[in-house]
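Topology and contacts: notes
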Amino acid sequence: MHPALFYRPGDRLTLAELSAARLDGVVIEVGEGFMPVDTVEEADARALGVAMLIPRGTAACGPTAAWIHGAGDAPPAVHHIRRVSAARMRVTPRARVIYHDRRAAQDAVADVGGIPVTTPEATASELLYAAALDQRDDHWVNALLQARPELLGSLEDELARATRRPGRRAAAQILQAVRASQDVVTR
């Protein structure tokens, strides 16, 4: 998506003008910005929608990356970013952004519309193990696996290789439940 088709409040139009255009059906809201209604909301548009929340040297991860890769209709209420630079950073705390200091591997980060975002595989793995360790149902991992069912096989392969990783059994149970729900849908 060309950046000229993406409107951030305060750049070319005020928030009031963009809100009026949204009420008139001219633009739709995508993350922290707006885009014309006749453009397709793809990963690059979603990445542009949260670009102002991702400081240099970090990448979108977790639920934010899952949303960018097509999971869910609305962005998460709280966005997650992860360090990609070798040096530790000072990130100004924000109410709607959680900063993870553990560095993302270079091969786990992709450029989506000019914004660094963890890859779908790395995002799915991160969300899966987070849900398994917290022993909770994470709708973001389910939504990502529904949007990208091809990730299920790579996650199952990763579980088979990771024999001693904490949360492995719970992660396997989550994947079995997702696989069963996908089998029901395809029938």
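Structure: see above.
Residues numbered from 1 in each chain as written. Predicted model: local features only at pLDDT ≥ 70, side-chain atom pairs only at ≥ 80, totals over all residues. Heavy atoms only, no water.

Looking at the overall build of the protein chain
A tally of regular secondary structure across the protein chain gives 7 helices and 7 strands. Reading the protein chain from its N end, one meets helices and strands in the order α-β-β-α-β-α-β-β-β-β-α-α-α-α. For 187 residues, the compact-globule formula gives about 16 Å, and the C-alpha radius of gyration of the protein chain, at 18 Å, lands near that figure. Each principal axis of the C-alpha distribution contributes one length, and for the protein chain these read about 55 × 50 × 25 Å. Looking at the protein chain as a whole, 40% of its 187 residues are labelled buried. (Helix = DSSP H or I, 4+ residues; strand = E, 2+ residues; numbered from the N terminus. Rg over C-alpha atoms; globule rule 2.2 N^0.38 Å. Buried < 20%, exposed > 50% of the residue type's maximum accessible area, 1.4 Å probe, protein only.)

Overview of the side chain of arginine 82
By secondary structure assignment, the location of arginine 82 is in strand E4 (residues 79-83). Residue arginine 82 is classed as buried on the basis of its relative accessible area of 6%. Separated by 3.2 Å, the side chain of arginine 82 and the backbone oxygen of arginine 102 make a polar contact. Leave out the neighbours within four places in its chain, and arginine 82 touches Gly57, Thr58, Ala59, Cys61, His100, Arg102, Arg103, Ala104 and Glu126. (Polar contact = N/O pair within 3.5 Å; in protein donor to acceptor, adjacent residues only side chain to side chain. Contact = heavy atoms within 4.5 Å.)

Regarding the environment of valine 40
Turning to its location among the elements, valine 40 is positioned in the loop between strand E2 (33-36) and helix H2 (43-50). Along the primary structure valine 40 and alanine 180 are separated by 140 residues, whereas in three dimensions their C-alpha atoms are 31 Å apart. Every residue in contact with valine 40, bar those within four places of it in the chain, is listed here: Met35 and Ala45.

Here we look at the nonpolar core
The biggest cluster of nonpolar side chains holds 41 residues, and the ones touching the most others in it are Ile68, Val117, Leu128, Leu144, Leu145 and Leu175. Contributing elements (two or more residues each) for this core: H2, helix H3 (62-68), strand E7 (115-118), helix H4 (120-134), helix H5 (139-147), helix H6 (151-161) and helix H7 (168-186). Looking at this core, the element that brings in the most residues is H4, giving 6 residues. If sequence neighbours within four positions are ignored, leucine 128 has contacts with Val141, Leu155, Ala171, Ile174 and Leu175. (Core = buried A, V, L, I, M, F, W, Y, C linked by side-chain atoms within 4.5 Å.)

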